[in-house]
Amino acid sequence: MGQPHPPFRFTRSRRLARGIRRWVTAAAGTLALTGGLVAVGPQASAAGLTQVTGFGSNPGNLSMYAYTPQALPAGAPLVVALHGCTQSASDYYTHSGWPTFADRYGFALVLPQTSSANNANSCFNWFEPGDSARGQGEALSIRQMVDKAVAQYGSDSRRVYITGLSAGAGMTANMLAAYPDVFAGGSVDSGLPASCATSVSAAYTCMYSPPDKSPAQWGALVRSAAPAGTTSWPRVAVWQGSADTTVQPANATELRDQWTDVWGIGQTPSRTRSLSGGTTLSEYDDASGEPAVQVYSVSGMAHGLAVDPGSGPEQCGSTGTYYLDTICSSYHTARFWGLDGAGQEPGPGSLPAPTGLAVSSTADTRVSLSWNAVPGAASYEVHRAGTKVGSTASTAYTDTGLATGTAYGYTVAAVDASGAVGAVSASVTATTTGYTPTCHTASNYDHTVAGRAYQSGGSTYATGSGQAMGLWNTFTTHTLKQTAPGYYVVADSGCSA
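My aim in this report is to walk through the structure given alongside it, one point at a time. From a predicted model like this one, the values you see are computed outputs, not experimental measurements.

Procedures and definitions
- Residues numbered from 1 in each chain as written.
- Predicted model: local features only at pLDDT ≥ 70, side-chain atom pairs only at ≥ 80, totals over all residues.
- Heavy atoms only, no water.
- Pairing = 2+ DSSP bridges.
- Helix = DSSP H or I, 4+ residues; strand = E, 2+ residues; numbered from the N terminus.
- Axes fitted to C-alpha atoms, helices over the stretch in contact; angles between N-to-C directions.
- Parallel < 35°, antiparallel > 145°, perpendicular 65-115°, else oblique.
- Left-handed = near helix turned anticlockwise from the far one by under 90°.
- Contact = heavy atoms within 4.5 Å.
- Nonpolar A, V, L, I, M, F, W, Y, C, P; charged D, E, K, R; others polar.
- Core = buried A, V, L, I, M, F, W, Y, C linked by side-chain atoms within 4.5 Å.
- Buried < 20%, exposed > 50% of the residue type's maximum accessible area, 1.4 Å probe, protein only.
- Disulfide = S-S within 2.5 Å.

Glancing now at the sheet that holds strand β25 (residues 477-484). As summarised here, the arrangement of the three strands in space is β21-β25-β26, forming an open sheet in which the pairing is antiparallel. In the strand order of this sheet, the two ends are held by β21 (438-443) and β26 (487-490), each with one partner. Taken pair by pair, the neighbouring strands of this sheet meet at an average axis angle of 35°, ignoring direction. For β21 and β25, the ladder comprises six bridges, and the chain directions are antiparallel. Residue pairing across strands places Cys439 opposite Lys481, the latter belonging to β25.

If you want it as structure tokens, here you go:
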């Protein structure tokens, strides 16, 4: 296996700040060319892969492609798969092996695709706060694809999973952090910890020399990206080649530290075992004894996705650029998520998902919901951030005891007379009122580290409002006032909480 070129080239044509950023992009392009890069445009589609349009406002300017097995039943799982740089949805569909298991286990497959209009090398912009944070840019476009797929294919919104390679893996980690109420599990293949980078320069640092943060520090980045009050987290698999010189293997250790801390478990494996292809699997169990985090280390593998061409039950995929013949990662990931049906709770009942879920009203500490009745329903379950918070026989529910000024995600499912729970509705987000402003005085650098601001082209901008704050350094100091969740304004003239 030859050493692949660095996969990240960070250019975004729709950015306004171009000066310093354009210079950095040229340097990144030089690094790619020295590794033998020949950039190619993404292909449109492949046999069996269908483009889906009209999936939402699409602020990230992405394309949605999907594959569904014949006679896919309602209530089946959904897997979202993100390609790497210079790749496309078609490329990932062809080589990754995921269609094999969509057919075998019965689930829908969604493959988002970016382009050179977003990034010169067709990378997902995992290092851009405006593209990787909840409710923004590419992250929101991917979230909208999930909603579209759930509605169009009748997928079970409680069993949605996401995986990605390289830049797609970096975006996967950020999606898991930003949307733990959407994804039940994820797989980060040759990728990086969530919120490892918020700038071009930091992205290269993460790739080649990842920060050695404590588990608590890594975990805090996930908790700050997630909706306030989140208590239920996705199960995460980490795949890493030991000979990867593009994304250093130390990233796998930092990912392990991050997600074990989020789960509140230690960094000592519950068990370790050897698999085919020179692969070592380390598992970290939750309080119930089930693996919450898995780390797969593939000995001698360079940068790429682990595949194992062949017709055996544990084989999948085909080799190609960044698709390396070692072990079928898609097979083991699908089993970790329970897509093969092993160890899973019974599937949803026959009742359809409730429609028309809407927020009736909000107050400082409560949210009221309503939805349309489902024929045959004896009651309804209400879930907040994926966790059941109540049951009701009516088509309305009020959730109380909430934090002020906080966004919460809700879904509803109908329950029949035998107690079988039906398909889950599309989610709706409600934000409580009464937010208490807070004031923060710090350097521009510290503001960006804390997520109150972001850096672009060497300059700093307030998160949410986008107000300019000057150069990104430790010398320039500003006071920022948080006026709403994720929204800051410059308040140098005076700030009262």
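Attention shifts here to the packing of helix α3 (residues 98-105) against helix α10 (residues 329-336). Between α3 and α10, whose axes approach to 9 Å, the crossing angle comes to 40°. By the angle between their axes, α3 is oblique relative to α10. Classified by chirality, the crossing of α10 by α3 is right-handed. From α3, Trp98, Phe101, Arg104 and Tyr105 reach across to α10, where they touch Ser330, Tyr331, Thr333, Ala334 and Arg335. Taken together, the residues of the contact of α3 with α10 sort by class into five nonpolar, two polar and two charged.

Trp126, Phe183 and Trp259 are the most contacted members of the largest nonpolar core, which totals 64 residues. No other element matches helix α6 (residues 167-178), which puts eight residues into this core. Once residues within four sequence positions are removed from consideration, Trp259 is found in contact with Ala173, Leu176, Ala177, Val222, Pro234, Val236 and Val293. Judged by nonpolar contacts, the second largest core, of 38 residues, contains Ala81, Tyr92, Cys316 and Leu339.

Strand order in this open sheet of three strands is β13-β14-β17, and the pairing throughout is antiparallel. What marks the edges here is a single partner per strand, and that holds for β13 (358-362) and β17 (396-399). Strand-to-strand twist in this sheet, taken as the mean axis angle between neighbours without regard to direction, amounts to 25°. In terms of strand pairing, β13 meets strand β14 (residues 367-370) through four bridges, oriented antiparallel. Its bridge partner lying in β14, Val359 is registered against Leu369.

This part takes up the pairing of strand β6 (residues 185-189). Taking burial as the measure, the five residues of β6 include five buried ones, the bulk of the element. Along β6, one buried face is formed by Gly185, Ser187 and Asp189 and the opposite face, lined by Gly186 and Val188, is buried too. Where strand β5 (residues 160-165) meets β6, five bridges bridge the pair, whose relative direction is parallel. Of the residues in β6, the one forming a bridge with Gly164 is Val188.

Locating Val182 in the fold gives a position in the loop between α6 and β6. For Val182, a relative accessible area of 7% puts it in the buried group. With 23 residues separating them in the primary sequence, Val182 and Arg159 have C-alpha atoms 8.6 Å apart. With near-sequence residues (within four places) excluded, Val182 lies in contact with Arg143, Val146, Ser157 and Val160.

Attention now moves to the state of the cysteines. Taken as a whole, this structure holds four disulfides when the rule is applied. Paired by a disulfide, Cys196 and Cys206 hold their sulfur atoms 2.1 Å apart. Its S-S torsion of approximately -110° makes the covalent link between Cys196 and Cys206 left-handed. One end of the pair, Cys196, is in the loop between β6 and α7 (200-208); the other, Cys206, is in helix α7, with 10 residues separating them in the sequence. Each member of the pair, Cys196 as well as Cys206, carries the same accessibility label: buried. Between the sulfur atoms of Cys439 and its disulfide mate Cys495 the distance is 1.9 Å. Between Cys439 and Cys495 the sulfur-sulfur dihedral comes to about -85°; the bridge is accordingly left-handed. Highlighted residues: Cys439 in strand β21 and Cys495 in the segment after β26, separated in sequence by 56 residues. Overall, Cys439 belongs to the partly exposed group, its relative accessible area being 30%. According to the relative accessible area criterion, Cys495 is partly exposed, its value standing at 27%. By sequence-ordered numbering of the bonded cysteines, the protein chain has its disulfides arranged as 1-2, 3-4, 5-6, 7-8.

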